[in-house]
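Coordinate analysis (summary)
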Amino acid sequence: MKLTEEAQKNRNDFLFDYESSLEDTDPEFAEIINNFIFGDVQKNITISKRTQMLVTLASLIANQSTKLYEVALEEALNVNVKPFEIKEVLYQTTPYVGIAKSYDFIDITNDLFDEKGIDVPVAGQSTTNNSNRMEKGYEIQVSYFGNEIIENMNESAPLDQKHFNDFLSGYCFGDFYTRTGLDDQDREIITFSILASLGGCENQLRAHTAANINVGNTRETLIGAITSIMPFIGFPRTLNALAIINEVCN
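Report on the accompanying structure. Residue positions are given per chain, counted from 1 along the sequence in the order it is written. Local features are withheld for residues below a pLDDT of 70 in this predicted model, meaning they are given only at 70 or higher, and side-chain atom pairs are given and counted only at 80 or more; totals for whole chains, interfaces and linings count all residues. Only hydrogens and water are set aside when side-chain values are computed; all heavy atoms of the structure are taken into account.

A short note on the overall build of the protein
Numbering of helices and strands runs from the N terminus, with a helix taken as a DSSP run of H or I at least four residues long and a strand as a DSSP run of E at least two residues long. Looking only at helices and strands, one finds 13 helices and 0 strands in the protein. The secondary structure elements of the protein, listed N-terminal to C-terminal, are α-α-α-α-α-α-α-α-α-α-α-α-α. Relative to the 2.2 N^0.38 estimate, which gives 18 Å for 250 residues, the radius of gyration of the protein is 19 Å and therefore close to what a compact globule would have. Counting only C-alpha atoms, the protein reaches 60 × 45 × 30 Å along its principal axes. What makes two residues a contact is simply this: any of their non-hydrogen atoms within 4.5 Å. Within the protein, counting contacts between residues at least 6 apart in sequence, those at least 24 apart form 74% of the total. The globule rule used here is 2.2 Å times the number of residues to the 0.38 power, and the radius of gyration it is set against is calculated over C-alpha atoms.

And the structure:
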């Protein structure tokens, strides 16, 4: 396999001794993919390796890519992403992709942690309980999106659908966004990457693009995240996400 010098260096920095069967079965394809990911893409990354790994893990969960997730999980540990941060990515992903899509990745993660001698469960990060999760979640919604938007959303919901707004406040935001282990900027760039990876979520992606700016992430950070996950989500979803970035961050 002929890799450019830059691609080979970046691949070694991330993957160490990992070898893919594609290099034997599909060597030309492997060469193209590795030169693209570790050459073209990597030289245009504008976010830290830690953030790059957080959004990559989230994107791979959203795409149900178990084999690449295993590779990325080991990469994340190699660049010193903390085990509790990895677990928080898993948990953060769940309200957006659904437990049916995140559940198996918990097992994959625990199996690798066991191989690496990492104790589970990791340190708990919860800060809410059943009595305050709704209130605390609502507070985060308001801080991210603004009081007017959240009030209008709640007031305009049909009576038989208002429980979904309660689910958003209590479950999505109250149970997950209130956790420690990741800060607001981490959680919003992860959410942005999940929504971009899922596709068909442009309204939600637009809202969370604005929320990223509100919590202190920049246009550059958003573009860096999309650059990182582009090889995994393809051009259509990438271009949709870039169009929304250009619309919201003009």
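Comments concerning a nonpolar patch on the surface
A surface patch of nonpolar side chains, about 350 Å² in accessible area, is lined by Leu22, Phe29, Ile32 and Ile33. When residues in the nonpolar patch are grouped by element, the largest group, 3 residues, is from helix α3 (residues 27-41). Relative to the helices and strands, leucine 22 is located in helix α2 (residues 22-25). In this analysis, a patch consists of residues with relative accessible area above 30% that form no salt bridge, clustered at 9 Å for like charges and at 5 Å for the nonpolar side chains Val, Leu, Ile, Met, Phe, Trp and Tyr. Each accessible area is a Shrake-Rupley estimate made with a 1.4 Å probe; only the visible protein chains count as cover when residues are assessed. Basic side-chain nitrogens of Lys or Arg form a salt bridge, by our definition, when they fall within 4 Å of a carboxyl oxygen of Asp or Glu.

Concerning the layout of surface pockets
Buried and open spaces are told apart on a 1 Å grid over the protein atoms alone, a cavity being a set of points where a 1.4 Å probe fits but cannot get out and a pocket being an open set with protein on both sides within 12 Å along at least five of seven lines. Residues with an atom within 4 Å of a point are the lining residues. Grid points are joined across faces, edges and corners, and a volume is the space filled by probe spheres set on the points. Here the second largest pocket defines a volume of roughly 540 Å³. Considering the residues around the second largest pocket, the lining is formed by 19 residues, among which Phe145, Leu168, Gln204, Ala207 and His208 are closest to the centre. Within the residue set of the lining of the second largest pocket, elements represented by two or more residues are α6 (83-97), α8 (133-145), α9 (147-156), α10 (162-177) and α12 (202-214). At 6 residues, the largest contribution of residues to the lining of the second largest pocket is made by α12. A per-class count over the lining of the second largest pocket returns 14 nonpolar, 5 polar and no charged. Charged residues are taken to be Asp, Glu, Lys and Arg, nonpolar residues to be Ala, Val, Leu, Ile, Met, Phe, Trp, Tyr, Cys and Pro, and polar residues to be all remaining types, Gly included.

Some details on the pattern of salt bridges
Under the definition given, this model contains 7 salt bridges. Glutamate 74 is paired through a salt bridge with lysine 116; the nearest N and O atoms lie 2.7 Å apart. Of the two residues, glutamate 74 is situated in helix α5 (residues 66-78) and lysine 116 in the loop between α7 (99-115) and α8; the sequence distance between them amounts to 42 residues. Under the scheme applied here, a residue whose accessible area is under 20% of the maximum for its type counts as buried, over 50% as exposed, and between as partly exposed, the area being computed with a 1.4 Å probe on protein chains only. Judged by relative accessible area, which is 31%, glutamate 74 ranks as partly exposed. Across the salt bridge formed by glutamate 88 and arginine 187, the nearest N and O atoms sit 2.9 Å from each other. Here glutamate 88 is found in helix α6, whereas its partner arginine 187 is found in helix α11 (residues 184-198), with 99 residues between them in sequence. The class of glutamate 88 is buried, set by a relative accessible area of 1%. Classification of arginine 187 as buried rests on a relative accessible area of 0%. Through salt bridges with shared partners, a single network forms among Arg50, Glu85 and Asp186.

Some thoughts on the packing of α6 against α10
It is at 10 Å that the axes of α6 and α10 come closest, and there the two elements cross at 175°. The angle between the axes of α6 and α10 places the two elements in the roughly antiparallel class. Contacts between α6 and α10 involve Tyr91, Gln92, Thr94, Pro95 and Tyr96 from the former and Tyr171, Cys172, Phe173, Phe176 and Tyr177 from the latter. Here the residues of the contact of α6 with α10 are counted per class, giving 8 nonpolar, 2 polar and no charged. Every angle, taken between N-to-C directions, lies between 0 and 180 degrees, and every axis is a line fitted to C-alpha atoms, over only the stretch in contact when it is a helix. Convention used here: angles under 35 degrees read as roughly parallel, angles over 145 as roughly antiparallel, angles from 65 to 115 as roughly perpendicular, and any remaining angle as oblique.

Re empty space enclosed by the protein
Under the criterion given, the structure shown has 1 cavity of 30 Å³ or more. One number sums up the size of the largest cavity: a volume of about 40 Å³. Lining of the largest cavity is provided by Leu195, Ala196, Gly199, Cys201, Glu202, Leu205, Arg237, Asn240 and Ala241. For the lining of the largest cavity, the secondary-structure elements that each account for two or more residues are α11, α12 and α13 (219-248). Here the residues of the lining of the largest cavity are counted per class, giving 5 nonpolar, 2 polar and 2 charged.

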